[in-house]
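Coordinate inspection notes
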Amino acid sequence: MAIALRHSSIGEHWLGGWQALRDHGRRRCEGTAIGRLVLLALAIAFLTLQLIAQTPVKSVRRVFILNIFNPLSSPGVAALDQAIMVGLESSPYQIELYAEDMGTTLFPGEASQKQIREGYIHKYHDHKPDVIVAVGPEPLHFLIESHEKAFPGVPVIFCGSTEEMLGKLKVDSHFTGVWGVAQPEKTLIAALHLRPSTRNVVVVGGVGTYDRRLVSIARESFHSYESKLHFTYLTDLAMPALLERLKHLPPDTIVYHTAMTEDTAGSHFIDATQAVPMIAAAANAPVFVLDDVDIRGGAVGGDVLSFAAEGKTAADMVVSVLSGEKPQNIPIVKSDNVFTFDWPALQRWGIKESDLPPGSAVLHRRLTVWESYKRYIIGGLSLILFETILILGLLWQRARRRKVETELVVSNDRLRLSVEAGKSVVWDWDVKSGQERRFGALDTMFGISTDNHSDNIKEFRNCIYPADRERVWNAIADARTDRKSYSTEFRVVRTDGALRWVTARGEFYFTRHQKASHMLGMLVDITDRKLAEDALSTLGGRLIEAQEEERRRIAREIHDDYNQRLAVAAIELEELAETIGHLNGDGTARLRELSNYVSELGADLHALSHRLHSSTLENLGIVAGIEAFCEEFADQQEIQIKFDHENVPSRVSEDAALCLFRIAQEGLRNVKKHSGANEAYVRLEGVDENLHLSISDRGKGFDPNARSRKSGIGIRSMQERLRSLGGHLEIHSRPMEGTRIDAWLRVASTVAG
């Protein structure tokens, strides 16, 4: 929304004499400080509105504001106009704003007012506004009397007037607005509460038309209190005489000021900025006022009208009308007054803020030292507190550093003792210089008599067993390139030629330029562990061999003895059933059932014998053995098994074949028991000099890391079988994505089948 302001003088083409008189009045107003301030404020507002007007809009709407007084000579009218212009910013249209005034202060005569009104009618005859805003009683009277003739059908929004000022006139459906509510009685009640000893009330006012209307409202409002209090109306005096009277009021008096734009001598005043300060300064009693713009220059305040609030309400109505709302559909409202008081005046007259009516607003409050310099005080105290904390922190840091230095010395000694006791060596390599330093159990690991040794990194490399050097140095290079820790196991050669197994862990440290500066690591002697693992592996191999030998023995015994005997028993039962068949039908059926049961038992024993020791594996080789087992397992367990093989050597050692066969057995049993899948995949292939057996499913799967600590006997058995033959086992699984077991075993290949 943009506002284009057109503020013209009254009847500029028809009222030359009026123009000269008006300019004289404006110069008089502009000579005052308030005039200059109001003019500056309006100029800034108009400039802002002009900048906003540069935004493109769809259409233009004309708003005509007709004021009772020139805004430069009336702070109340200026407050109303300013609130209206701010409120119009919410309109979706570009606003052309026309502002005029009736000049009632300087030209109150009937002939002058008639000439002014006719000038406006003629001026806007061919330039009809979309909305008219009547600010004050005179503009409202003028528009009610001449609306049909001068501005037919144009909506009128009024403000800045009380309903009592309308007199006998009535507004029609083209009018709506906000009535100001003057309530001198409420101010009197509050004043009596604040000054209980009051016996006299002096009402001050001028002789201007607007002044007399307000005096009339006050007189009517105070009528019911005339029997309790003595009222004096000083409304027909010249300003000097009035001020002299106010200097000598009785001590139990309060003053109620209405408005004084003109005195009996014909002098004109700006009520808020000229009359009120003079009256409040002269009076020896507290002065209460009618509206918020008069709370200045020593006036106490009271239940006051708010011109800014009225202007905002009127602006909202204007926006609604411009948006298509009918005036008759917008109800006329009344302004809400607020008890408002001046803090310096309260202090002057000894009025306690706690005695004010609830919800009262207090203006121009003088800040206490704390309120005035709160930020500086808080800032200074915060700075002092911060510096104190900083000093304490530095002292604490120094004490802590000394404590840490002491603890570091002790910790280094403990580390050295721990390293030596644990058959460990700490290794520090300066990458730039190529020097490395070792300390710890050097005698045990390297055969070096000292516990602290420095040398070139090449010398350390020479200590690594030749077959392991390339692997170790590749691990170190990868850790440096990938900026990660390294960990590996390798053999070192002592000075006496003995071999020791060590596990190494280390990490590179980098400069701010991302270059490796040094490397810190630790070597732990694991020779005893390696020997134990070898012994355990040998023992595990022997146990597996013993287990397999026992399986073969049991399988032969089941096949050659028990299975044969059960076969004979089944044949004899069948012959017995045929012999007595004609004698006892029920007995024959029972004998045949027993014969079938014995036959099934024999078949189960045969299957058990095959599982314990596969003759197919022994006679036909690993491919036929695993394939036969897959078929047998699929029939027995009602699960589909897909088996394929590729590049499998025609001759595989008995130990390797048996190892992979047992892994296939255990793997398929795990599929049936845990996966919940109805299909499994078995693949056997030769890869270079390795045999690779893969068993997979698409079942439930699991987290190998979570289950590694509680792996079952089956997985441990697979791992041990492979390890005893130099192979290894890999398990790949994820929840709900199935499982795959990969067994790798190095074998000597011959001809692929």
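Just so you know, these numbers come straight off a predicted model, no measurement behind them.

**With respect to the overall build of the chain**
For the chain, the helix and strand inventory stands at 23 helices and 25 strands. Within the chain, buried positions represent 45% of all 753 residues. Partitioning the contacts of the chain with sequence separation of at least 6, the portion at a separation of at least 24 is 66%. Looking at the chain as shown, the accessible area adds up to about 40000 Å², and 53% of this sits on carbon and sulfur atoms.

**Overview of the pairing of strand β3 (residues 94-101)**
By the criterion of burial, β3 is predominantly enclosed, with eight of the eight residues buried. Residues of β3 alternate between two faces, with Gln-94, Glu-96, Tyr-98 and Glu-100 on one and Ile-95, Leu-97, Ala-99 and Asp-101 on the opposite face, all of them buried. Relative to β3, strand β2 (residues 60-67) runs parallel, the two sharing eight bridges. Paired with Leu-66 across the two strands is Glu-100, which belongs to β3. Crossover connection from β2 via helix α3 (residues 75-88) to parallel β3: handedness right-handed.

**Brief notes about the pattern of salt bridges**
Following the criterion strictly, the structure yields 23 salt bridges and no others. The shortest N-O distance in the salt bridge between Asp-468 and Arg-491 comes to 3.0 Å. Of this pair, Asp-468 sits in helix α16 (residues 466-482) while Arg-491 is found in strand β18 (residues 486-493), placing the two residues 23 residues apart along the sequence. Of the charged contacts in the structure, one is a salt bridge between Arg-494 and Asp-496, with a shortest N-O distance of 3.0 Å. A residue is classified by how much of its surface remains accessible, and Asp-496, at 52% relative accessible area, is exposed. Each of Asp-644, Glu-646, Arg-683 and Glu-685 takes part in salt bridges that share partners, so that together they form one network.

**Some points on helix α5 (residues 137-150)**
When the terminal C-alpha atoms of α5 are compared, their 18 Å separation across 14 residues agrees well with the 20 Å that a helix rising 1.5 Å per residue should span. At Ile-144, α5 shows its largest kink, close to 45°. Burial within α5 is extensive, with 11 of its 14 residues counted as buried.

**Concerning helix α6 (residues 184-194)**
The set of residues buried in α6 consists of Pro-184, Thr-187, Leu-188, Ala-190, Ala-191 and Leu-194. For α6, the angular spread of buried residues about the axis comes to 165°, placing them on one side.

**Some points on the side chain of Asp-303**
When you line up the elements, Asp-303 lands in strand β11 (residues 301-304). It is Lys-186 that comes nearest to the buried, bridge-free Asp-303 among opposite-charge side chains, at 5.0 Å. Leave out the neighbours within four places in its chain, and Asp-303 touches Gln-183, Lys-186, Thr-187, Leu-290, Asn-337, Val-338 and Phe-339.

**Some details on unusual backbone geometry**
Unlike most non-glycine residues, His-364 shows phi in positive territory, near 55°. By the secondary structure assignment, His-364 is in the loop between β14 (361-363) and α12 (369-372). His-364 sits in the partly exposed class, given a relative accessible area of 46%. Although it is not a glycine, Glu-638 adopts a positive phi angle of roughly 55°. Relative to the assigned elements, Glu-638 resides in the loop between α20 (622-637) and β21 (640-646).

**Quick look at the sheet that holds strand β22 (residues 679-687)**
Spatially, the five strands line up as an open sheet ordered β21-β22-β23-β25-β24, and their pairing is mixed. Each of the sheet's edge strands pairs with one partner strand only, and the pair in question is β21 and β24 (728-733). Within this sheet the neighbouring strands show an average axis-to-axis angle of 10°, counted without direction. Two strands pair when backbone bridges link them, and β24 and strand β25 (residues 739-746) are joined in this way by six bridges, in the antiparallel orientation. The residue bridging His-732 from the neighbouring strand is Arg-740, located in β25. Sheet strands touched by helix α21 (residues 654-675): β21, β22, β23 (690-697) and β25. Its angle to β23, the strand with the most contacts, is close to 10°.

**Some thoughts on a nonpolar patch on the surface**
A cluster of nonpolar side chains, namely Leu-383, Phe-386, Leu-390 and Leu-394, defines an oily patch on the protein surface of about 410 Å² accessible area. Among the secondary structure elements, Leu-394 is positioned in helix α13 (residues 374-421).

**Digging into the packing of α3 against helix α10 (residues 307-322)**
One can describe the packing of α3 onto α10 by two numbers: an axis separation of 7 Å at closest approach and a directional angle of 35°. The element α3 and its partner α10 pack so that their crossing is right-handed. Between α3 and α10, the residues in contact are Gly-76, Ala-79, Leu-80, Ala-83, Ile-84, Gly-87 and Leu-88 and Phe-307, Ala-308, Glu-310, Gly-311, Lys-312, Ala-315, Val-318 and Val-319, respectively.

**Observations regarding the environment of Phe-69**
Residue position: Phe-69 is located in the loop between β2 and α3. Non-local contacts of Phe-69, meaning those with residues more than four positions away in its chain, are made with Ser-74, Val-77, Asp-101, Thr-104, Thr-105 and Tyr-210.

**Side note on the confidence of the model for the chain**
Chain-level statistics for the chain give a pLDDT mean of 82 and a share of 77% at 70 or above. Contacts of residues 8-35 to residues separated by more than four positions or lying in other chains number 55 contacts, the stretch itself having pLDDT below 50. Predicted confidence is poor over residues 749-753, with pLDDT under 50, and the contacts of this stretch with residues over four places away or in other chains come to 14 contacts.

**Overview of the packing of aromatic side chains**
The relation between two aromatic rings is expressed through the spacing of the ring centres and the mutual angle of the planes. Inspection of every chain in the model, using the stated rule, returns 15 aromatic pairs. Relative to Tyr-120, the ring of Phe-64 lies with its centre 6.4 Å away and its plane at 70°, an arrangement referred to as edge-to-face. Residue Phe-64 is located in strand β2, and its partner Tyr-120 is located in helix α4 (residues 110-123); the two are separated by 56 residues in the primary sequence. Assigned by exposure class, Phe-64 and Tyr-120 land together as buried. With centroids separated by 4.4 Å and ring planes inclined at 40°, the aromatic side chains of Phe-158 and Trp-179 adopt a geometry described as tilted. Note that Phe-158 is positioned in strand β5 (residues 156-159) and Trp-179 in strand β6 (residues 175-179), a separation of 21 residues in sequence. On the basis of relative accessibility, which here comes to 0%, the residue Phe-158 falls in the buried class. The lysine or arginine in question, Arg-219, covers the ring of Tyr-233, its NZ or CZ lying 3.9 Å from the ring centre.

**Observations regarding the pairing of β6**
Most of β6 is tucked away: five of the five residues are buried. Strand direction decides the pairing type here: β5 and β6, joined by three bridges, are parallel. Residue pairing across strands places Phe-158 opposite Gly-177, the latter belonging to β6. Strand direction decides the pairing type here: β6 and strand β12 (residues 333-334), joined by two bridges, are parallel. In the sheet register, Trp-179 faces β12, and the bridge partner there is Lys-334.

**Focus on the packing of α6 against helix α7 (residues 209-222)**
Look at α6 against α7: their axes get within 8 Å of each other, and the N-to-C directions meet at 60°. Between α6 and α7, the angle is such that the two are oblique. For the pair α6 and α7, the sense of crossing is right-handed. Side by side, α6 and α7 meet where Pro-184, Glu-185 and Leu-188 of the first sit next to Ile-217, Ala-218, Ser-221 and Phe-222 of the second. Grouping the constituent residues of the contact of α6 with α7 by class yields five nonpolar, one polar and one charged.

**Observations concerning the environment of His-732**
Note that His-732 resides in strand β24. Discounting residues that sit within four places of it in the chain, His-732 has contacts with Gly-738, Thr-739, Arg-740 and Asp-742. In terms of polar contacts, His-732 uses its side chain to reach the side chain of Glu-730, at 3.3 Å. One polar contact links His-732 to Asp-742, side chain to side chain, over a distance of 3.3 Å.

Analysis parameters
Residues numbered from 1 in each chain as written. Predicted model: local features only at pLDDT ≥ 70, side-chain atom pairs only at ≥ 80, totals over all residues. Heavy atoms only, no water. Helix = DSSP H or I, 4+ residues; strand = E, 2+ residues; numbered from the N terminus. Buried < 20%, exposed > 50% of the residue type's maximum accessible area, 1.4 Å probe, protein only. Contact = heavy atoms within 4.5 Å. Areas by Shrake-Rupley, 256 points an atom, 1.4 Å probe, with all protein chains shown as cover. Pairing = 2+ DSSP bridges. Right-handed = clockwise from strand over helix to strand, strands pointing away. Salt bridge = Lys/Arg side-chain N within 4 Å of Asp/Glu carboxyl O. Expected span 1.5 Å × (residues − 1). Bend = angle between axes of the 7 residues up to and from the residue. Arc of directions from axis to C-beta. Lys, Arg positive; Asp, Glu negative; His and termini not counted. Axes fitted to C-alpha atoms, helices over the stretch in contact; angles between N-to-C directions. Patch = residues over 30% accessible without salt bridge, like charges linked within 9 Å, V, L, I, M, F, W, Y side chains within 5 Å. Left-handed = near helix turned anticlockwise from the far one by under 90°. pLDDT = per-residue confidence, 0-100. Phe/Tyr/Trp six-rings, centres within 6.5 Å; stacked < 30°, edge-to-face > 60°. Lys NZ or Arg CZ within 6 Å of the ring centre and 35° of its normal. Parallel < 35°, antiparallel > 145°, perpendicular 65-115°, else oblique. Nonpolar A, V, L, I, M, F, W, Y, C, P; charged D, E, K, R; others polar. Polar contact = N/O pair within 3.5 Å; in protein donor to acceptor, adjacent residues only side chain to side chain.

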